[in-house]
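Spelled out, the chains give:
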Number of protein chains: 2
Amino acid sequence: MALAKKEDTQNKIKEIARKLFTRFGYSSTTIREIAKESQVNIALVNYYFRSKDNLFRIIMEESFEQLFIQIDPIINNKNTTLEEKIQSLVSNYLDFLQKFPELPLFMLNEIKNKPKHLVIKISLKKKVSQSSLMHQIKERNPYINPLHFIFNLLGMLVFPFIMKPVISSAKLINIDDFNQMISERKRLIPIWINDILESKKT
Amino acid sequence: MALAKKEDTQNKIKEIARKLFTRFGYSSTTIREIAKESQVNIALVNYYFRSKDNLFRIIMEESFEQLFIQIDPIINNKNTTLEEKIQSLVSNYLDFLQKFPELPLFMLNEIKNKPKHLVIKISLKKKVSQSSLMHQIKERNPYINPLHFIFNLLGMLVFPFIMKPVISSAKLINIDDFNQMISERKRLIPIWINDILESKKT
DNA sequence: AAAAAATTTAAACATTTGTTTTAAACAAAA
DNA sequence: TTTTGTTTAAAACAAATGTTTAAATTTTTT
């Protein structure tokens, strides 16, 4: 019972903290605000997580894993074609981003501000460069640095969500039209990426 | 003479502030740090700019203008073809971003955190939707929402710079290879955008 | 050169914020 | 019931931070 309650409180704090950190960033999020929204005493936050820094580190590591755990099995699946991989990546990632639209901008910004938290990612280079996807891209178009395609694909997926605050603020399009656009992109991005891969003018 | 000195100090503070705000964001930049790097007394910052908030507002407005002043004459030039516009946009914007690589992530993040600063941009919708570029895109491919192309073009241009901290941190590629990639993209992005515009599978 | 105005500095103020301490409330075990 | 360990709350602490004040210094004007 005590354990259940403990886990409960601890988790509530963590999820509220995740929400606030993601929305406002590390510096603009205060322990007092986390405690207030979690409806617990300030001291409890430090009681369960030792420090603001440690709480943030835990959340960053979880978010980071969440971001990459989705793509790893896809890009390394030896039994799928390049087209299938791209289709799967686009579909899964856009679904994921629609659930957590603020995650990319938050992560990219915090990584910029505190590159120390990125010790985890020394393996990233290996993960990407040795992936099955990377090899298939090289086969398909040996003339161009495959990182171009990775950037293009990731950019097409992520960029609309990074621009979302600008879009809302400038009232460029409303939220329904935005989601409609994302749905269209699920169909279109694989086509576009294929066009780019097959471009003979390079 | 007094005027010159005043302008001098004032400008020094502003440029240091711009550098720090751009690198660390609003919350993580302190007036004391700005004063220290500018080699002036803390009170001088408030003497010239009244408040941290006001100083930040001025810098944001200038940066914002800087970002859009470049594209406005290009996308609204009635005497250039769509191809020429795209070529010019890509070339100018990549040059600009290589000079100020941290600007996009900074701006996007601050816009997310404080959408109040975006009063300036109510005109953005008009600017984009009534632009000559937009009309030419619609002519070229009437079947797809032109915002897709805007997102793709902007994403291809900006996304590598937004990813730069991740790239450095994960040591995916070194800085020389990064700049080499950007140079390649000056040539490639217009080709890719053209491929996408001509895609008949949509 | 004297007076006035503008610029700069040092110090203090008032809040905010992360953290710690101390003790009370509570649940589980003896 | 008493004891023991865990969880929660209130308060205090210390450092950081935006801002203001008042005096000193420098520059400009008369």
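Given the structure is predicted, the values throughout are model-derived calculations rather than measurements.

Looking only at helices and strands, chain A has eleven helices and zero strands in total. In sequence order, the secondary structure elements of chain A are arranged as α-α-α-α-α-α-α-α-α-α-α. Each principal axis of the C-alpha distribution contributes one length, and for chain A these read about 65 × 40 × 35 Å. Sorting the 202 residues of chain A into buried and exposed places 52% on the buried side. Across chain A, contacts joining residues at least 24 apart in sequence account for 70% of those joining residues at least 6 apart. Side-chain charges of chain A comprise 31 positive and 21 negative groups, with the mean position of each set lying 6 Å from the other.

Here we come to unusual backbone geometry. Of note, the phi angle at Gln39(A) is positive, near 60 degrees, even though the residue is not glycine. With respect to the helices and strands, Gln39(A) occurs in the loop between helix H2 (31-38) and helix H3 (42-49).

This brings us to the interface of chain B and chain A. Taken together, the contact between chain B and chain A spans 54 residues of the former and 54 residues of the latter. Between chain B and chain A the total buried area reaches about 5,100 Å² when both faces are included, carbon and sulfur atoms providing 68% of it. For the chain B face of the interface with chain A, the top three residues by lost area are Lys112(B), Phe151(B) and Phe159(B), together amounting to 14%. Seen at the junction of chain B and chain A, the total is zero salt bridges. Here chain B is connected to chain A by twelve residue pairs in polar contact (both at pLDDT 80 or more). Residue contributions to the side of chain B that touches chain A peak at 17 residues, all from helix H10 (residues 146-170) of chain B. Of the residues in the side of chain B that touches chain A, the class split is 30 nonpolar, 13 polar and eleven charged.

For these two chains of identical sequence, chain B goes onto chain A by a turn of 180 degrees and a shift of 0.0 Å along the axis, with RMSD 0.1 Å. What the superposition gives is, in effect, a two-fold axis relating one chain to the other. A shared interface surface links the copies, since 100% of the contact residues of chain B are contact residues in chain A too.

Counting residues in each nonpolar core, the largest one holds 136 residues, and the members touching the most others are Phe21(A), Ile189(A), Phe21(B) and Ile189(B). Once residues lying within four places of it in the same chain are set aside, the contact partners of Ile189(A) are Val90(A), Leu94(A), Leu153(A), Met156(A) and Leu157(A).

Moving on: the domain arrangement of chain A. Residues and elements named next belong to chain A. Along its sequence, chain A is organised into domain 1 (1-59) and domain 2 (70-202). Taking the mean C-alpha position of each, domain 1 and domain 2 sit 31 Å from one another. Facing eight residues of domain 1, the contacting portion of domain 2 comprises six residues. Between domain 1 and domain 2, roughly 670 Å² of surface is buried when both sides are summed, and carbon and sulfur atoms account for 61% of that area.

On to the packing of helix H7 (residues 103-113) of chain A against helix H10 (residues 146-170) of chain A, then. Residue and element names in this part refer to chain A. At a minimum axis separation of 8 Å, H7 and H10 run at an interaxial angle of 85 degrees. Looking at the two axes, H7 sits roughly perpendicular to H10. Here H7 contributes Pro104, Leu105 and Leu108 to the contact with H10, which in turn contributes Val158, Ile162 and Pro165. Across the contact of H7 with H10, the residue classes break down as six nonpolar, no polar and no charged.

Residues and elements named next belong to chain A. Throughout the structure, instances matching the rule amount to 16 salt bridges over all chains. With a shortest N-O distance of 3.0 Å, Lys19 and Glu37 are connected by a salt bridge. Pair noted here: Lys19 is in helix H1 (residues 2-28) and Glu37 is in helix H2, with a separation of 18 residues, a long-range link. Residue classification places Lys19 among the partly exposed residues on the basis of a relative accessible area of 35%.

What follows deals with helix H9 (residues 132-140) of chain A. Turning to H9(A), its buried residues are Ser132(A), Leu133(A), Met134(A), Gln136(A) and Ile137(A). Of the surrounding elements, those touching the buried residues of H9(A) are helix H5 (72-75), helix H6 (82-99), helix H8 (124-129), H10 and helix H11 (175-198) of chain A.

With that settled, consider the packing of aromatic side chains. Considering all chains together, one arrives at 20 aromatic pairs over all chains under this definition. Considering the side-chain rings of Phe56(B) and Phe106(B), the 6.2 Å spacing of their centres and the 85 degrees angle between planes classify their relative orientation as edge-to-face. Of this pair, Phe56(B) sits in helix H4 (residues 52-69) while Phe106(B) sits in helix H7 (residues 103-113), placing them 50 residues apart in sequence. The pair Phe56(B) / Phe106(B) is uniform in exposure class, with both members buried. Above the face of the Tyr26(A) ring, Lys52(A) is positioned so that its terminal group lies 4.2 Å from the ring centre.

The subject of this paragraph is the side chain of Arg18(B). All names here are of chain B. With respect to the helices and strands, the residue Arg18 is situated in helix H1 (residues 2-28). Residue Arg18 is classed as buried on the basis of its relative accessible area of 16%. Aside from chain neighbours lying at most four places away, what touches Arg18 is Ile59, Glu62 and Ser63.

Cut-offs applied
Residues numbered from 1 in each chain as written. Chains lettered and ligands numbered in written order. Predicted model: local features only at pLDDT ≥ 70, side-chain atom pairs only at ≥ 80, totals over all residues. Heavy atoms only, no water. Helix = DSSP H or I, 4+ residues; strand = E, 2+ residues; numbered from the N terminus. Buried < 20%, exposed > 50% of the residue type's maximum accessible area, 1.4 Å probe, protein only. Contact = heavy atoms within 4.5 Å. Lys, Arg positive; Asp, Glu negative; His and termini not counted. Charge placed at Lys NZ, Arg CZ, Asp CG, Glu CD. Buried area = accessible area lost by both parts, 1.4 Å probe. Salt bridge = Lys/Arg side-chain N within 4 Å of Asp/Glu carboxyl O. Polar contact = N/O pair within 3.5 Å; in protein donor to acceptor, adjacent residues only side chain to side chain. Nonpolar A, V, L, I, M, F, W, Y, C, P; charged D, E, K, R; others polar. Least-squares fit on C-alpha atoms with pLDDT ≥ 70 in both. Core = buried A, V, L, I, M, F, W, Y, C linked by side-chain atoms within 4.5 Å. Domains from an automatic or database assignment. Axes fitted to C-alpha atoms, helices over the stretch in contact; angles between N-to-C directions. Parallel < 35°, antiparallel > 145°, perpendicular 65-115°, else oblique. Phe/Tyr/Trp six-rings, centres within 6.5 Å; stacked < 30°, edge-to-face > 60°. Lys NZ or Arg CZ within 6 Å of the ring centre and 35° of its normal.

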